[in-house]
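# Per-entry structural report
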Amino acid sequence: MSTLNKKNVFVAGHRGMVGSAIVRQLEERDDVELIVRTSSELDLTDQSAVNAFFAEQNIDEVYLAAAKVGGIYANNTFPAEFIYQNLMIESNIIHAAHVNDVQNLLFLGSSCIYPKFAEQPMTETALLTGVLEETNEPYAIAKIAGIKLCESYNRQYGRNYRSVMPTNLYGLNDNFHPANSHVIPAIMRRFHEAKLNGDKEVVVWGTGTPMREFLYVDDMAAASIHVMELDDETYQANTEPMLSHINVGTGVDCTIREMAETMARVVGFEGEIVFDTTKPDGTPRKLMDVSRLASLGWTFSVSLEQGLSTTYQWFLENQDSFRG
């Protein structure tokens, strides 16, 4: 433990949606001294820079929330950047943490690690049992490597490096770019602009029947801190050395139609929701099995409507910063 009975906690990726939520919660603690660096201050793909940073700081814990992320278009267009940058970020941080005797680290992954045709709901044991979704395979491979990096340092060196895999996240600091945002921010922005323009209808891609699971980002942050701070006995009793990652989600899904109808209520759009059935639906269902997390003592607390309302309020207060 560092000076004044505070632990020094490095949050990598503190400006991202999940990293910023973890920071917000840790800032409320009187036993934590936060350490953060912007990408201009510390290039996480630069091994020597990361090594020097860890050597200078007296770090007790690491939340590895930094990653190169994007939607289908970005993943398809820049696969080399997605696999290279994510492999470098996690390799540099995890190895530097070990070399500098940081015992506790939490790696944040993604539900895309699971096979394209994994049984629903997806359990942790589905990892490496089938072919990945083609559009984000390079990103998924990097995230799988991150899990295995953590497990390898645990097995060889007795480290306490844990991994959590979130479902679809949304919330404060989400990406609302019109071309490359994910489904919730994209649809929120579309309903908002339709309301302002007085449009009679909003078009949503697909049939509206696919099922999706959504988790509010503050719940993800709370789950991350919960998993990081579990005592070793509880954690090890509910995981395996080579199957140690933990799904984080609600365990509840809804149709895209239900999500869109909830969004219309939250935003105040009173027109018609039209589904363009000529557009693709994607995977029929994508739901996480969160029984492992429940056995570790954590379940979600923010409902979809409540989370969307908070997110929309944040969107209204910050929309000038992401016009385009």
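One structure accompanies this document, and this report is about it. Values in this document were obtained by computation on a predicted structure and should not be read as measured data.

Cut-offs used in this document
- Residues numbered from 1 in each chain as written.
- Predicted model: local features only at pLDDT ≥ 70, side-chain atom pairs only at ≥ 80, totals over all residues.
- Heavy atoms only, no water.
- Axes fitted to C-alpha atoms, helices over the stretch in contact; angles between N-to-C directions.
- Helix = DSSP H or I, 4+ residues; strand = E, 2+ residues; numbered from the N terminus.
- Parallel < 35°, antiparallel > 145°, perpendicular 65-115°, else oblique.
- Left-handed = near helix turned anticlockwise from the far one by under 90°.
- Contact = heavy atoms within 4.5 Å.
- Pairing = 2+ DSSP bridges.
- Phe/Tyr/Trp six-rings, centres within 6.5 Å; stacked < 30°, edge-to-face > 60°.
- Buried < 20%, exposed > 50% of the residue type's maximum accessible area, 1.4 Å probe, protein only.
- Lys NZ or Arg CZ within 6 Å of the ring centre and 35° of its normal.
- Right-handed = clockwise from strand over helix to strand, strands pointing away.

## A closer look at the packing of helix α1 (residues 17–26) against helix α7 (residues 217–228)
- Contact pair α1 / α7: the axes reach a minimum separation of 8 Å and the direction vectors enclose 65 degrees. On the basis of the axis angle, α1 is roughly perpendicular to α7. Note on packing geometry: the crossing formed by α1 with α7 is right-handed. Along the contact surface, α1 presents M17, V18, A21, I22, R24, Q25 and L26, while α7 presents V217, D218, M220, A221, A222, S224 and I225.

## Considering the sheet that holds strand β13 (residues 285–286)
- Spatially, the 3 strands line up as an open sheet ordered β11-β8-β13, and their pairing is mixed. Every other strand in the sheet has two partners, leaving β11 (254–255) and β13 as the edge strands with one partner each.
- The pairing of strand β8 (residues 211–212) with β11 spans 2 bridges and is classified as antiparallel. When the sheet's bridge partners are listed, R212 is paired in β11 with C254.

## What to know about the packing of aromatic side chains
- All chains considered together, the criterion is met by 11 aromatic pairs.
- Here F53 and F54 contribute two aromatic rings whose centre-to-centre distance is 5.6 Å and whose plane-to-plane angle is 90 degrees, an arrangement assigned as edge-to-face. One exposure class covers both F53 and F54, and it is buried.
- Taken together through their ring pairs, the aromatic side chains of F176, Y312, W314 and F315 make up a single cluster.
- For K68, the ring lying beneath its charged end belongs to F82, and the centroid distance is 5.0 Å.

## Comments concerning the pairing of strand β4 (residues 104–108)
- Taken across its 5 residues, β4 has 4 buried, putting it largely inside the fold.
- Note that strand β3 (residues 61–64) and β4 share 4 bridges and pair parallel. Directly across from L64, in β4, lies its bridge partner F107.
- Inspection of the sheet shows β4 paired to strand β5 (residues 160–166) by 5 bridges, in the parallel sense. Across the sheet, L108 pairs through a bridge with V164, a residue of β5.
- For the handedness criterion, the β-α-β arrangement of β4, helix α5 (residues 137–157) and β5 is classed as right-handed.

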